[in-house]
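# Descriptive analysis of the structure
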Amino acid sequence: MTPEVLAEKIRQGDRRALAKGITLVESTRADHREQAASLLELLMPYTGNSIRLGITGVPGVGKSTFIESFGNHVIEKGHRVAVLAVDPTSALSGGSILGDKTRMETLSRNASAFIRPSPAGETLGGVTRRTRETLLLCEAAGFDVIIVETVGVGQSETAVAQMTDMFLLLLLPGGGDELQGIKRGIMELADLILVNKADGDQQAAANRTVADYRMAVHFLHPRSRHWQVQVQPLSALKGQGVNEVWETVESYRKALGEAGEINARRAAQARAWMWSETADSLLTELKESNSVKELVHALEQDVIEGKLPATVAAKKLIDAFRH
C-alpha cells in the first residue's frame, strides 16, 4: 500500500490502516522510515485538532483503571479517544510486559476508542521514540482526545510533558512522608494532581492527601502563569470524580487556549522534537558507519579499562565518522 493510499484510509478513520501506519512509523528499516516520512508529510495538515494529555503515576496507583473510566466518560460526551499506553519492556525479549489492552477491557471494545500498547524499549521517560509520530497519526484519524500513559514515576517524565498539552499526576492516598517521596521535578510538571482510590477505608486518608498537596503546590513554580495547579480526589474504580477531571481539562484548555499558550507550547515542542530527531538520526548513522565500527570495540575497551577518557574516545569516533 502506497503512503498516499494509506494516508487517505487513515483520514477516513480506517482502524486497520491506522494500526498499519503506526507499525510503519515504529519500524527501523530504512525503506520503512522513508515511507513513514512521506505518510507523515501527507497527514500533517490534518493534525493538531486534539487535546493531548500525559498521565503518570507510580505502579499500582490505578492509571489503567483511571484511563478506562475517564476514556469511557469522555466518549459519552461525544469525543473519540486514543490511548498510547507505553508498556515496560522485558530486558530479555524486548517485548511488552503488561499488555494494556487486557487492563482496559471495556474501553478497548469501544468503537470510539483506539488503544495502542508499545514497548518502552530503551527510551527514557517510558515513551517510545515514535510516540510523537503515533500521536499525529491518531489525530489525523479523527481522535480528538489523545492520552499518553507512561511507565511511571522514576524515569524522565519530561519526555511526556514535551509532547502533550496537559500533564496529569496520579497519587495514592497518604500524607506527610509521602509528600517527600514524589520528586519535586515531577510535581512541577503536573497541571493536575489526582489522588486516586478516594473511597471506602481510604477516603479520609485521600482527603488529607488532597489538603496536603493543595498546600504544597503553592510553593512550587507553576508551569503556566495562566493556570493554578489543581488537586482533586478521585475514585477511578467507582467513577467518582471522573466528570470533575474532564471539566478541569476543559477549563485548562480554555484558559491556555485563549492565552495562546497551547499553540506556543506546541511550537516549542515541535522545534525541540526536530533537534531530538536530528540527534537520534545522526547517532544511528554514526553507529552504522563502517569507519566507526572498526574503532568502536578497541575504544570501548580502552574506556572500560580506564586507559582513555570517554570524551577523547567520543572525539575519535566523531572524527572517524566525519572523514
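Description of the structure in this document. (Residues numbered from 1 in each chain as written. Predicted model: local features only at pLDDT ≥ 70, side-chain atom pairs only at ≥ 80, totals over all residues. Heavy atoms only, no water.)

The next thing to look at is the overall build of the protein chain. Within the protein chain, the regular secondary structure consists of 14 helices and 7 strands. Considering the protein chain as a whole, with its 323 residues, one finds that 45% of them fall into the buried category. The long-range fraction of contacts in the protein chain, counting pairs at least 24 apart against all pairs at least 6 apart in sequence, stands at 75%. Working note: accessible area of the protein chain is about 16400 Å², and carbon and sulfur atoms make up 53% of it. (Helix = DSSP H or I, 4+ residues; strand = E, 2+ residues; numbered from the N terminus. Buried < 20%, exposed > 50% of the residue type's maximum accessible area, 1.4 Å probe, protein only. Contact = heavy atoms within 4.5 Å. Areas by Shrake-Rupley, 256 points an atom, 1.4 Å probe, with all protein chains shown as cover.)

Turning to helix α14 (residues 310-322), a few remarks are in order. Every α-helix carries 3.6 residues per turn, so stepping three or four residues along brings you back to the same face. Between its first and last C-alpha, α14 extends 18 Å over 13 residues, near the 18 Å set by a 1.5 Å rise per residue. Buried residues in α14 make contact with α13 (290-304). (Expected span 1.5 Å × (residues − 1).)

Okay, the pairing of strand β4 (residues 145-149) next. Here β4 lies mainly inside the structure; 5 of its 5 residues are buried. Here β4 shows no split at all, with Val-145, Ile-147 and Glu-149 on one side and Ile-146 and Val-148 on the other all buried. Looking at chain direction, strand β1 (residues 51-57) and β4 are connected through 5 bridges and run parallel. Bridge pairing in β4 places Ile-51 opposite Val-145. (Pairing = 2+ DSSP bridges.)

What the second largest pocket holds in volume is close to 250 Å³. Around the second largest pocket, the lining residues are Leu-40, Met-44, Arg-52, Arg-132, Leu-135, Leu-136, Gln-162, Met-163, Arg-266, Gln-269, Ala-270 and Trp-273. Per element, the largest residue contribution to the lining of the second largest pocket is 4 residues, and it comes from helix α12 (residues 261-288). A per-class count over the lining of the second largest pocket returns 7 nonpolar, 2 polar and 3 charged. (1 Å grid on protein atoms, 1.4 Å probe; cavity = no way out; pocket = protein on both sides within 12 Å on 5 of 7 lines; lining within 4 Å. Points joined across faces, edges and corners; volume = space filled by probe spheres on them. Nonpolar A, V, L, I, M, F, W, Y, C, P; charged D, E, K, R; others polar.)

Moving on, we come to the pattern of salt bridges. All told, the structure shown has 15 salt bridges when counted by the stated rule. Note that Arg-109 and Glu-105 form a salt bridge whose closest N and O atoms lie 4.0 Å from each other. For Arg-109, a relative accessible area of 61% gives the class exposed. Asp-191 is paired through a salt bridge with Arg-223; the nearest N and O atoms lie 2.8 Å apart. In this pair, Asp-191 is assigned in the loop between α9 (184-189) and β6 (192-195) and Arg-223 in the loop between α10 (203-216) and β7 (230-233), connecting sequence segments 32 residues apart. Its relative accessible area of 2% is what places Asp-191 among the buried residues. Beyond isolated ion pairs, a larger network of salt bridges with shared partners links Arg-33, Arg-130, Glu-133 and Glu-277. (Salt bridge = Lys/Arg side-chain N within 4 Å of Asp/Glu carboxyl O.)

Further remarks concern the nonpolar core. In summary, soluble globular proteins display a tendency toward joint burial of nonpolar side chains. One finds Ile-10, Leu-18, Leu-39, Leu-137, Cys-138, Phe-143 and Ile-193 to be the most contacted residues of the largest nonpolar core, which totals 43 residues. Contact partners of Leu-137, with chain neighbours within four places excluded, come to Ile-10, Leu-18, Gly-21, Ile-22, Val-25, Leu-39, Leu-40 and Leu-43. One finds Phe-66, Val-83, Leu-168 and Leu-170 within the second-largest nonpolar core, a separate group that totals 33 residues. (Core = buried A, V, L, I, M, F, W, Y, C linked by side-chain atoms within 4.5 Å.)

Read these as layout, nothing more, since geometry by itself doesn't imply function.
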